[in-house]
Every structure is written in C-alpha cells, then in structure tokens.
Amino acid sequence: MRPTAHAALGALALVLALPAPAAADGSVIGGKPAPLSHSPWAVALASHERFGVQRSGQFCGGVLVGHSTVVTAAHCLSKEVLGVPWREVRDLRIVVGRDKLSGGGGQELKPAKIWVNPRYNNYTNDGDMAVLTLDRPVPNRPIPMAGRQDSAYRPGNAATVYGWGDTTGGGSYASQLRAARVNVLPDAVCARAYPGSADGTYKPRTMLCAGAPHGGHDACQGDSGGPLVVRGRLVGLVSWGTGCGQAGSPGVYTRASALLPVVSAHGAG
Ligand code: ARG
C-alpha cells in the first residue's frame, strides 16, 4: 500500500497466510519464523524516538547488499511513515543480526549516508528505493542481487519474503523475523491487478509482483523495504499492494535490477 495510515503505525510484518476466512480487511497472513542464521542479510530500520523502544523501534525492513550497504524502500523514509522528514529523525538506526526485536543481540548502526531516490513517485510508487551506507562495515553476510536477465525473475518461481511486519492485516506486528512463500507472477497478471489506482500503478521495468494463487501469503505493513528472495538472490524489496494476502491483489516489489546501478554507484552489490 502507499504510505498511508497503516504504514504510519510503524511496525511491519510479513505475512504468510492461509486461504482463510476473511479478516477485518480481507487479509489473512500466516507465515513462519525465519532464523536470522539463514537470512543474515535481513535488517530492520528503527527509531526509538519515533516508534518507541518496544520491538527495538522497528518500522521497516531493509537488506544488506554489501558489508556497509543497505537497500530499502524510499517510502520508508517518507514523512508519511516517519511523521517528520527523515533528516529530523536523530536516532535512525539499522538493526543487524537481531532475530527477536524484543530482545538484544546484533548491532544497531548509524547511517553514515542516506540516499533516497529523488525520482520516487508516491502516486504510482515507481522508483521506491533508497540506499543507506553504514558508518562501519558489519561481518554479516550480504545477499547477491539478481541482475536484469537473471532467471530468478521468471514467473512461477518460488520466492520468499521476509519481515517483522503485520502478521494478520490487523496490526499484530511480529517480534521474530518471519518468512512467507509466494510465487513470482507474470507482468501481465500484475498489470491487470494494478492498472492504476490510488494504491499505485504496476510498472514492469522497475517493479515485480508475487503472490499465492488463492492469496493468504503476502507481505504487509511493516515489511516494506525488506527482501524478496529467489534461490539465494535478491529479486525485490517489499513496496506496496492493495490490502494484504488477498487473492487477486498480489504484493508489489521494487525490482532488484532497477536498484543495481545505484548500489554499484555506492560501491557495493
Ligand atoms: N507499504 C507497506 C509498508 O510500508 C508494505 C505493503 C506491502 N503490501 C502487500 N500486500 N504486499 O510496510
């Protein structure tokens, strides 16, 4: 979804869901815990000042693509999500290596540099990407990004989305990182689902979409900026969708290949 009231709630979750009786807004999200030992590149964006100390102040996801480079969604750094311009958030942190947000462990790093795509279009959601450079390198393993022609983007491929966001569509944010299985969908299906509305417009060059045939497995609020992974390679970042886990409304992701030029300009990837 666009950074509306939901995103402003703060946390994120990933959602996997069961084909289920409709919840409040028709979304049901299932999913299962994902140990960070298998996904050390999954990171959380946090601010205690803006989002409280519970759940480490998490409000979005991010992905380690280099030892000091993190990619996330541009809308995560918007005023709609943060309440104020990002430059005014004095304690923005990148949480690396912490499975359970309610516990300790891992490290909280400061961004030395923040690049938010100046061309991000908050009407269509096109170009929903940002790059954060950590103030020091971390030992945690980064994930390789799938290049433009990578077979990982092929429709039908099994993909996994990771996050600490809403697990029900009703505002139950996860403490432990979760993962949901979805399938990469053909561009024609994504374009048909999202021809253009207040939620966004599907742009195949810079987006991809993924979902489950009957809905139920999806990302949700609080998962934004987090990874969509196919065979160990990053193919997308959680960006938007209508509701969560609804059949016919797949999750839309920023296409990793659209991020590659900026990531290499930042000296990683
Ligand atoms: N915009 C949301 C966020 O800020 C992510 C929504 C993803 N929605 C979906 N149905 N896949 O966390």
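Please read these numbers as outputs of a predicted model, since none were measured by experiment. (Residues numbered from 1 in each chain as written. Predicted model: local features only at pLDDT ≥ 70, side-chain atom pairs only at ≥ 80, totals over all residues. Heavy atoms only, no water.)

### Digging into the layout of surface pockets
Considering only enclosed or pocket space, the largest pocket measures out at about 330 Å³ in volume. In terms of lining, the largest pocket is formed by 13 residues, of which the most central are Asn-117, Met-129, Arg-205, Thr-206 and Ala-258. Among the elements that make up the lining of the largest pocket, the one with the highest residue count is helix H5 (residues 256-265) (four residues). In the lining of the largest pocket, the residues fall into five nonpolar, four polar and four charged. Roughly 150 Å³ of internal volume is contained in the second largest pocket. Elements with a minimum of two residues in the lining of the second largest pocket: strand E2 (32-33), strand E10 (158-163) and strand E11 (178-184). (1 Å grid on protein atoms, 1.4 Å probe; cavity = no way out; pocket = protein on both sides within 12 Å on 5 of 7 lines; lining within 4 Å. Points joined across faces, edges and corners; volume = space filled by probe spheres on them. Helix = DSSP H or I, 4+ residues; strand = E, 2+ residues; numbered from the N terminus. Nonpolar A, V, L, I, M, F, W, Y, C, P; charged D, E, K, R; others polar.)

### Points about the environment of Lys-32
In this structure, Lys-32 sits in strand E2. Accessibility expressed as a relative area gives 52% for Lys-32, which makes it exposed. Sequence-wise, Lys-32 and Ala-180 are 148 residues apart; in three dimensions their C-alpha atoms are separated by 6.8 Å. (Buried < 20%, exposed > 50% of the residue type's maximum accessible area, 1.4 Å probe, protein only.)

### Focus: the state of the cysteines
Note on terminology: a disulfide is the covalent bond linking the sulfur atoms of two cysteines. Scanning the model with the defined rule gives three disulfides in all. Here Cys-190 engages in a disulfide with Cys-209; their sulfurs sit 2.2 Å apart. Torsion about the S-S bond of the Cys-190 and Cys-209 cystine: about -85°, corresponding to left-handed handedness. Taken together, the residues Cys-190 in helix H4 (residues 187-193) and Cys-209 in strand E12 (residues 207-211) connect sequence positions 19 residues apart. Neither Cys-190 nor Cys-209 differs from the other in exposure class; each is buried. Paired through a disulfide, Cys-220 and Cys-244 show a sulfur-sulfur distance of 2.1 Å. Looking along the S-S bond of the Cys-220-Cys-244 disulfide, the torsion reads about 80°, which is the right-handed sense. Placement of Cys-220 in strand E13 (residues 218-222) and of Cys-244 in the loop between strand E15 (233-240) and strand E16 (251-255) is noted, with a sequence separation of 24 residues between them. Judged by relative accessible area, which is 7%, Cys-220 ranks as buried. Taking relative accessible area as the criterion, Cys-244 reaches 2% and is therefore assigned buried. Within the protein chain, bonded cysteines paired by disulfides and numbered along the sequence follow the pattern 1-2, 3-4, 5-6. (Disulfide = S-S within 2.5 Å.)

### A word on the site of the ligand
Not every one of the 17 residues close to the ligand is listed here, only the nearest: His-75, Asp-218, Gly-222, Ser-224 and Gly-243. In this structure, a nitrogen atom belonging to the ligand sits 3.3 Å away from a main-chain N or O atom of Ala-219. In the complex, the protein chains occlude 99% of the 350 Å² of accessible area that the ligand would expose alone. Those elements that provide at least two residues to the shell around the ligand are E13 and E15. A total of five residues in the shell around the ligand trace back to one element, the largest contributor, which is E13. Among the residues making up the shell around the ligand, the classes are represented as seven nonpolar, eight polar and two charged. (Near = heavy atom within 4 Å. Polar contact = N/O pair within 3.5 Å; in protein donor to acceptor, adjacent residues only side chain to side chain. Areas by Shrake-Rupley, 256 points an atom, 1.4 Å probe, with all protein chains shown as cover.)

### Topic: the pattern of salt bridges
According to the stated counting rule, one finds five salt bridges in the structure shown. Here Arg-98 and Glu-108 are joined by a salt bridge, their closest N and O atoms 3.0 Å apart. You can see Arg-98 sitting in the loop between strand E6 (93-96) and strand E7 (107-109) and its partner Glu-108 sitting in strand E7, a full ten residues away along the chain. The exposure class assigned to Glu-108 is partly exposed, which follows from its relative accessible area of 29%. Between Arg-136 and Asp-135 there is a salt bridge, and its shortest N-O distance comes to 3.8 Å. Using a relative accessible area of 40% as the deciding quantity, one classes Arg-136 as partly exposed. (Salt bridge = Lys/Arg side-chain N within 4 Å of Asp/Glu carboxyl O.)

### Comments concerning the nonpolar core
Val-71, Leu-228 and Leu-234 are the most contacted members of the largest nonpolar core, which has 73 residues in total. Residues contacting Leu-234, with those up to four places away along its chain left out, are Val-63, Val-65, Val-71, Ile-143, Pro-144, Met-145, Ala-146, Tyr-153, Pro-227, Leu-228 and Ala-256. (Core = buried A, V, L, I, M, F, W, Y, C linked by side-chain atoms within 4.5 Å. Contact = heavy atoms within 4.5 Å.)

### Remarks on the sheet that holds strand E4 (residues 58-66)
In space, the seven strands of this open sheet follow the order E7-E6-E3-E4-E5-E9-E8, with antiparallel pairing throughout. Looking at the sheet topology across the chains shown, the edges are occupied by E7 and strand E8 (111-116). The average angle at which neighbouring strand axes cross in this sheet is 30°, direction not considered. The sheet contact formed by strand E5 (residues 69-72) and strand E9 (residues 130-134) spans four bridges and is antiparallel. Bridge assignment links Thr-69 to a residue of E9, and that residue is Thr-133. (Pairing = 2+ DSSP bridges. Axes fitted to C-alpha atoms, helices over the stretch in contact; angles between N-to-C directions.)

Everything listed here is a matter of coordinates, which is why it stays silent on function.
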